[in-house]
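Geometric and topological summary
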Amino acid sequence: MPKSSTPSRERIVAGAADMISRRGLSATSIREMAKHAKAPLGSTYHYFPEGKQQLATEAVRYTGEWVARSLHKELEAGPAEGLRAFLALWRKIVVESDFHAGCPVLAVAIEEPPTDQIPPALAAAAEVFTQWEGLLADSLRAHGTEVEQAAQLATLIVASVEGTVAMCRAQRSTRPLDHTAEQLQALIATTVKD
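To keep things clear, this report deals only with the structure shown in the data block. (Residues numbered from 1 in each chain as written. Predicted model: local features only at pLDDT ≥ 70, side-chain atom pairs only at ≥ 80, totals over all residues. Heavy atoms only, no water.)

Secondary structure summary: the chain contains 9 helices and 0 strands in total. Its C-alpha radius of gyration of 17 Å places the chain within 12% of the 16 Å reference for a compact globule of 194 residues. When the backbone C-alpha atoms are referred to their principal axes, the chain occupies close to 55 × 35 × 30 Å. Here the chain holds 194 residues, and 47% of them are scored as buried. (Helix = DSSP H or I, 4+ residues; strand = E, 2+ residues; numbered from the N terminus. Rg over C-alpha atoms; globule rule 2.2 N^0.38 Å. Buried < 20%, exposed > 50% of the residue type's maximum accessible area, 1.4 Å probe, protein only.)

Shown next as structure tokens:
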């Protein structure tokens, strides 16, 4: 995730997103997130008085908006271009981190909640996935895909890309992204009517 050069709330959030993308939420303390963001622990607690869950929730939302802005812009050229950009974004993250970073939204989503209640960070992850699906579905519908098929294909795209990022990290290779890209592009081509 891009980081600001000034010590700020946003830099702490971006640093937390990066740290969670590498180690997961359970394996990351608020102290480590602050250190990774090169921010004083006191400033971190000042901005996030509710602690780790509040910071993680903001990190998930930050990532969601950052990806959504890029996706929205690229989807203006159509769903195939949007998919290419979505895949390129995650390819860049896994390659530039030497396969150490993935998606902080997925990292939060797959961890066991500490209680029977849904933690705010997990709820934020669900909202982010829904947002990404919505952007993709809207673009598919705008290019002639039937409503239900657009919704299903958008879910498949998000799920495929998120799973593929995890596979890339495990295999230390972008080969899964290449395979996923080819198949999803072919699928989009069969559903788009323009």
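Attention now goes to the pattern of salt bridges. Summed over all chains, the structure comprises 8 salt bridges. For the salt bridge of E32 with R23, the shortest nitrogen-to-oxygen distance reads 3.1 Å. According to the relative accessible area criterion, E32 is partly exposed, its value standing at 27%. The class for R23 is partly exposed, based on a relative accessible area of 40%. (Salt bridge = Lys/Arg side-chain N within 4 Å of Asp/Glu carboxyl O.)

On to the packing of aromatic side chains. A complete count under the given rule lists 4 aromatic pairs for this structure. A network of ring pairs unites the aromatic residues F86, W90, F129 and W132 as a single cluster. (Phe/Tyr/Trp six-rings, centres within 6.5 Å; stacked < 30°, edge-to-face > 60°.)

Interaxial distance between helix α5 (residues 79-96) and helix α8 (residues 147-171) falls to 10 Å at its minimum, and their mutual angle equals 20 degrees. Here α8 runs roughly parallel to α5, going by the angle between their axes. In this structure, α5 meets α8 at a crossing whose hand is right-handed. Only I157, V158, V161, E162, V165, C168 and R169 of α8 make contact with α5, whose side of the interface consists of L83, F86, L87, W90 and V94. Looking at the contact of α5 with α8 residue by residue, the classes come out as 10 nonpolar, no polar and 2 charged. (Axes fitted to C-alpha atoms, helices over the stretch in contact; angles between N-to-C directions. Parallel < 35°, antiparallel > 145°, perpendicular 65-115°, else oblique. Left-handed = near helix turned anticlockwise from the far one by under 90°. Contact = heavy atoms within 4.5 Å. Nonpolar A, V, L, I, M, F, W, Y, C, P; charged D, E, K, R; others polar.)

Let's shift gears to the environment of R22. Looking at the secondary structure, you find R22 in helix α1 (residues 9-23). Assessed through its relative accessible area of 32%, R22 is described here as partly exposed. Distance in space between the C-alpha atoms of R22 and F99 is 8.9 Å, their sequence separation being 77 residues. Excluding anything up to four places from it in sequence, R22 contacts H36, S97, H100, A101 and R169.

With that settled, the discussion passes to the side chain of T191. Within the secondary structure, T191 is located in helix α9 (residues 175-191). Filtering out sequence-adjacent residues up to four positions away, T191 remains in contact with L140, G144, T145, Q149 and L153.

Glancing now at the side chain of Q54. Relative to the helices and strands, Q54 resides in helix α4 (residues 52-75). The buried category is assigned to Q54, whose relative accessible area is 18%.

This part is about unusual backbone geometry. Leaving glycine out, the prevailing phi sign among residues is negative, and the prevailing peptide bond configuration is trans. Even without being a glycine, D98 presents a positive backbone phi close to 55 degrees. With respect to the helices and strands, D98 occurs in the loop between α5 and α6 (104-109). Judged by relative accessible area, D98 falls into the partly exposed class, the value being 41%.

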